[in-house]
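A closer look at the structure
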Amino acid sequence: VLCGRGMGLMKHKGNVQFRQWVNEFKTSYILSDSNVEKAKFVEIIVGRVQDQRPPGRFLCRKQGWSPHRGKGSINDGVWELAGTLHAEEKTKQAL
């Protein structure tokens, strides 16, 4: 799952799958009154990404990267592994 903005990222295979999983749980997440239950939905989605074979990952642009430098392609090699908290925050935001 590539973190960021833009149509190129939205069309990325991992992001498409991620959105499908988010949509699967979105209604239940919204209707839940329990933060514990909401956290379970986040955990399930992050787990699905990580449990793929090969394992899926959440990637973010390296610090200091600017779309104004170079081409700014999703294939430009300036990605780094996002931490668990960042992956969970991205998932919460998507839900």
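Scroll up for the structure.
Residues numbered from 1 in each chain as written. Predicted model: local features only at pLDDT ≥ 70, side-chain atom pairs only at ≥ 80, totals over all residues. Heavy atoms only, no water.

In total, this model carries 2 salt bridges according to the counting rule given. Residue Glu89 is joined to Lys92 by a salt bridge in which the shortest nitrogen-to-oxygen separation is 3.4 Å. With Glu89 and Lys92 both in helix H4 (residues 84-94), this residue pair falls 3 residues apart, about one helical turn. The class for Glu89 is partly exposed, based on a relative accessible area of 47%. (Salt bridge = Lys/Arg side-chain N within 4 Å of Asp/Glu carboxyl O. Helix = DSSP H or I, 4+ residues; strand = E, 2+ residues; numbered from the N terminus. Buried < 20%, exposed > 50% of the residue type's maximum accessible area, 1.4 Å probe, protein only.)

With that settled, consider the packing of helix H2 (residues 13-31) against helix H3 (residues 35-50). Axes are the key here: two packed helices are described by the angle between their axes and the distance separating the axes. Contact pair H2 / H3: the axes reach a minimum separation of 10 Å and the direction vectors enclose 165°. The pairing of H2 with H3 is recorded here as roughly antiparallel in orientation. Between H2 and H3 the crossing geometry is right-handed. Only Lys38, Phe41, Val42, Ile44, Ile45, Arg48 and Val49 of H3 make contact with H2, whose side of the interface consists of Phe18, Trp21, Val22, Glu24, Phe25, Ser28 and Tyr29. (Axes fitted to C-alpha atoms, helices over the stretch in contact; angles between N-to-C directions. Parallel < 35°, antiparallel > 145°, perpendicular 65-115°, else oblique. Left-handed = near helix turned anticlockwise from the far one by under 90°. Contact = heavy atoms within 4.5 Å.)

Looking at the second largest pocket, its volume works out to about 270 Å³. Per-element accounting of the lining of the second largest pocket gives the leading share, 6 residues, to H2. (1 Å grid on protein atoms, 1.4 Å probe; cavity = no way out; pocket = protein on both sides within 12 Å on 5 of 7 lines; lining within 4 Å. Points joined across faces, edges and corners; volume = space filled by probe spheres on them.)

Below, the discussion takes up the packing of aromatic side chains. Note on aromatic pairs: each is described by the distance of the centres and the angle between the planes. Under the criterion given, the structure shown has 2 aromatic pairs. Considering the side-chain rings of Phe18 and Phe58, the 5.8 Å spacing of their centres and the 90° angle between planes classify their relative orientation as edge-to-face. Pair noted here: Phe18 is in helix H2 and Phe58 is in the loop between H3 and strand S1 (59-61), with a separation of 40 residues, a long-range link. In this structure Phe18 comes out as buried when scored by relative accessible area, which is 3%. Ring geometry for Phe25 versus Phe41: centroids 5.7 Å apart, planes at 40°, classification tilted. (Phe/Tyr/Trp six-rings, centres within 6.5 Å; stacked < 30°, edge-to-face > 60°.)

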